[in-house]
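# Secondary and tertiary structure notes
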Amino acid sequence: MKSLKTAAVACALAVPLAATSNAAAATYPVKHPKLIANALYKAGKLPTSTCTEIKARNGSVKQTRAYFEAVVACLEKTWKKHLTGAGLSYAKVKVRHVAKFPKKWCDMETDQDDSQALYCDETRVLAVKTGKSWTSDMSDLWLFYVAAGTYAYHVQNLVGIADAYNAIPYGKRAELLEQNRRYDLQSTCLGGAFIRSVWPMKGRTSSDWNALVGAVEGDTPGDERWFGKTANQRFWLKRGFSTGDPGSCDTWSAPSSKVA
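Residues numbered from 1 in each chain as written. Predicted model: local features only at pLDDT ≥ 70, side-chain atom pairs only at ≥ 80, totals over all residues. Heavy atoms only, no water.

## As for the state of the cysteines
Note the cut-off: A pair of cysteine sulfur atoms is labelled a disulfide when the two atoms are within 2.5 Å. Helix numbering and strand numbering both begin at the N terminus, where a helix is a DSSP run of H or I of at least 4 residues and a strand a DSSP run of E of at least 2. The cut-offs for exposure are 20% and 50% of the maximum accessible area for each residue type, with area from a 1.4 Å probe on protein chains only; residues under the lower value are buried, those over the upper are exposed, and the others partly exposed.
For the structure on display, the rule yields three disulfides. One disulfide bridge connects Cys106 with Cys120, the sulfur atoms lying 2.0 Å from each other. Taking the sign of the S-S torsion, about 75 degrees here, the bridge from Cys106 to Cys120 comes out right-handed. One end of the pair, Cys106, is in the loop between strand S4 (104-105) and strand S5 (108-109); the other, Cys120, is in strand S6 (residues 116-120), with 14 residues separating them in the sequence. One exposure class covers both Cys106 and Cys120, and it is buried.

## What to know about the environment of Tyr90
Selection rule: Between two residues, a contact is recorded if the distance between any of their heavy atoms is within 4.5 Å. We define a polar contact as two N or O atoms separated by no more than 3.5 Å, with the added condition that, inside protein, one atom must be a possible hydrogen donor and the other a possible acceptor, whereas residues neighbouring each other in sequence contribute only through side-chain atom pairs.
Its location among the elements puts Tyr90 in the loop between helix H2 (61-85) and strand S3 (94-98). Put simply, Tyr90 and Lys80 are 10 residues apart on the chain and 6.1 Å apart in space, counted from C-alpha to C-alpha. Excluding anything up to four places from it in sequence, Tyr90 contacts Glu76, Lys80, Leu83, Thr84, Tyr151 and Leu158. At 2.8 Å, the side chain of Tyr90 forms a polar contact with the side chain of Glu76.

## Observations concerning the environment of Leu185
By secondary structure assignment, the location of Leu185 is in helix H6 (residues 173-197). Under the relative-accessibility criterion, Leu185 is labelled buried at 0%. Taking the C-alpha atoms as reference points, Leu185 and Phe227, separated by 42 residues in sequence, lie 6.9 Å from one another.

## Description of the side chain of Glu76
Stated formally: Asp and Glu count as negative and Lys and Arg as positive, but His and the ends of the chain are not part of the count. Salt bridges are identified by distance alone: a Lys or Arg side-chain nitrogen within 4 Å of an Asp or Glu carboxyl oxygen.
Tracing the backbone through its elements, the reader meets Glu76 in helix H2. It turns out Glu76 is buried and unbridged, and the closest side chain with the opposite charge, Lys92, is 5.3 Å from it. Among the polar contacts made by the side chain of Glu76, one reaches the side chain of Tyr151 at a distance of 2.7 Å. Here Glu76 is in contact with Tyr90, Ala91, Lys92, Val93 and Tyr151, once residues within four sequence places are set aside.

## What about the packing of aromatic side chains?
Selection rule: To pair, rings of Phe, Tyr and Trp, with the six-membered ring standing in for Trp, must have centres within 6.5 Å; the planes then decide the type, stacked if under 30 degrees apart, edge-to-face if over 60, and tilted in the middle. We call a charge positioned above a ring when the Lys NZ or Arg CZ atom is no farther than 6 Å from the ring centre and deviates by at most 35 degrees from the ring normal.
Per the counting criterion, the structure on display carries 10 aromatic pairs. Ring centres 6.0 Å apart and planes at 50 degrees place the aromatic pair Tyr165 and Trp252 in the tilted group. With Tyr165 in helix H5 (residues 161-167) and Trp252 in the segment after helix H8 (230-243), this residue pair connects regions lying 87 residues apart in the sequence. Across the pair, exposure class does not vary: Tyr165 and Trp252 are buried alike. Considering the side-chain rings of Trp209 and Phe241, the 3.9 Å spacing of their centres and the 15 degrees angle between planes classify their relative orientation as stacked. Of this pair, Trp209 sits in helix H7 (residues 206-215) while Phe241 sits in helix H8, and the two are 32 residues apart along the sequence. No difference in accessibility class separates Trp209 from Phe241, as the two residues are buried. The lysine or arginine in question, Arg196, covers the ring of Phe241, its NZ or CZ lying 5.3 Å from the ring centre. The lysine or arginine in question, Lys258, covers the ring of Phe235, its NZ or CZ lying 4.2 Å from the ring centre.

## Let's talk about unusual backbone geometry
Put simply, Trp199 and Pro200 share a cis peptide bond, and its omega is 0 degrees. Relative to the elements of secondary structure, Pro200 occurs in the loop between H6 and H7. Phi is positive for Cys106, close to 50 degrees, though the residue is something other than glycine. Phi is positive for Arg124, which is not a glycine, with a value near 60 degrees. Along the chain, Arg124 falls in the loop between S6 and strand S7 (125-129). The class for Arg124 is partly exposed, based on a relative accessible area of 29%.

The following block contains the structure:
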């Protein structure tokens, strides 16, 4: 198994990424069948449903946690129906709220961000740390997106994408970084597909969606590119939303320019 790296997306969404070297380099495009021909891609669009956002008062950690759990409940309902309907494996995610992450969690180096959502492949636990950056303004779709994008790692785990990702070799560090970006951008796309499956939502308009897209950011210029440029993060989010189909989220077959 590749070791895991943690980083933050737009100062809120933290996700685990792989990082081990292997003598043999994978030849692009990636050819692992679980990555480029996964049964998830052929299962069709996500079933449409409703997901009602619960009220959460600004500044309330308790209500923000309840909001997050309500979104996860919607995610479970949708993905369970979709995966089992396609004959794919399904298991519930385990949500754990924490006041503080230890320095290492699930083999990940954690940081000091006051709000984070981290998923662990081995235990299927989605751990959530809720702080001021999430509770100060509950009027937008940011936390809904965080839940959808983080839960997507659980989906990747269930359908074998996570194992295949950890198994493919790489040569130079640049190749490792590109593999990580393909993995992360796929979760972004799957999150977008879920949002489309429950859209339109009561009380929300296209302005809310556009504001969310504008809030999503990628790697900071000059830093190592673990997650992808802002333009590509937004591209894959919009791609998933435009189709509502996980089949459109095959980042592993995409040209390098779309996962840069």
